Amino acid sequence: MVAIARQMLEDVQQAFDDHLAIEGMLKQMLNRAFNIDSLPCGVEGNPAMSVRAILLIEHEPSIGEILSACLSELGGWRVTLSNSIRAGVDLCETVHPDAILLDTSTSETDALIFVEQLKQHSMIQSIPIMLLSSRASWFTPKQLQEMGFVGAIAKPFNPTTVTDQIAQLLGWSNAD
């Protein structure tokens, strides 16, 4: 029994170490990506360009932090991070985002109700919602549209190209 418990602890520790290693690699990639001369969306150095606002709803803190950094640093967008769908619904009232990026894989018990509230709110204010999911490839663009999403971003995402994917889904260009 002790041997089984010891093995389980070792497995948990290994999984934790693997997670930390992956997080470290992602942060290194971001740091390297930030050492570029200009941002892809052309926001830096152009005071006349309006800054788009994105509401990011991501329940995993490390992913939320990395994705928020990508969107703000590489995309030049203003990012408001929410760690729950319920809080995201409330933030829509005050933040007035131009787009919502939503991870629906959450442990919230009423997640589906909050997603529907978020969709209703976005329809009233014409805010496009993008799905962030490891299951993004399961859906066709038509299915996503029927569910109320403008598109999906797959997890894991590439930190250096995720802003281009989002801009393409939203029809945003350097001139926006």
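For the structure, see preceding data.
Residues numbered from 1 in each chain as written. Predicted model: local features only at pLDDT ≥ 70, side-chain atom pairs only at ≥ 80, totals over all residues. Heavy atoms only, no water.

### Quick notes on the overall build of the chain
Point 1. Helix and strand content of the chain: six helices and five strands.
Point 2. For the chain, the N- to C-terminal ordering of α and β elements is α-β-α-β-α-β-α-β-α-β-α.
Point 3. Across the chain, every contact between residues at least 6 apart in sequence was considered, and the portion connecting residues at least 24 apart equals 68%.
Point 4. Total accessible area on the chain stands at roughly 10300 Å², and carbon and sulfur atoms take up 56% of it. (Helix = DSSP H or I, 4+ residues; strand = E, 2+ residues; numbered from the N terminus. Contact = heavy atoms within 4.5 Å. Areas by Shrake-Rupley, 256 points an atom, 1.4 Å probe, with all protein chains shown as cover.)

### A word on the pairing of strand E1 (residues 53-57)
Point 1. Of all five residues making up E1, five are buried, and the element is well covered by its neighbours.
Point 2. Alternating positions in E1 separate into two faces, Ala-53, Leu-55 and Ile-57 on one and Ile-54 and Leu-56 on the other, with burial throughout.
Point 3. Examined bridge by bridge, E1 and strand E2 (residues 78-82) share five bridges and lie parallel to one another. Along E2, the bridge assignment pairs Leu-55 with Thr-80.
Point 4. Note: E1 against strand E3 (residues 99-103), four bridges, orientation parallel. Following the sheet pairing, Ile-54 is matched in E3 by Ala-99. (Buried < 20%, exposed > 50% of the residue type's maximum accessible area, 1.4 Å probe, protein only. Pairing = 2+ DSSP bridges.)

### A look at the packing of aromatic side chains
Point 1. A full pass over the atoms with the stated rule returns one aromatic pair.
Point 2. Between Trp-77 and Trp-172, the ring centres sit 5.3 Å apart and the planes meet at 75°, which makes this aromatic pair edge-to-face. Taken as a pair, Trp-77 in the loop between helix H2 (61-74) and E2 and Trp-172 in the segment after helix H6 (162-170) lie far apart in primary sequence, 95 residues in all. Residue Trp-77 shares its accessibility class with Trp-172, and that shared class is buried. (Phe/Tyr/Trp six-rings, centres within 6.5 Å; stacked < 30°, edge-to-face > 60°.)

### Here's the deal with the pairing of strand E4 (residues 129-133)
Point 1. Extensive coverage of E4 is indicated by the burial of five of its five residues.
Point 2. Residue alternation in E4 divides its side chains into two sets, Ile-129, Leu-131 and Ser-133 and Met-130 and Leu-132, and both sets are buried.
Point 3. Inspection of the sheet shows E3 paired to E4 by four bridges, in the parallel sense. Its bridge partner being in E4, Ile-100 is matched across the sheet by Ile-129.
Point 4. Sheet topology note: the E4/strand E5 (residues 151-154) ladder contains four bridges and is parallel. For Leu-131, the partnering residue across the bridge sits in E5 and is Ala-152.
Point 5. As for the winding sense of the linkage, the β-α-β connection from E4 through helix H5 (residues 141-146) to E5 is right-handed. (Right-handed = clockwise from strand over helix to strand, strands pointing away.)

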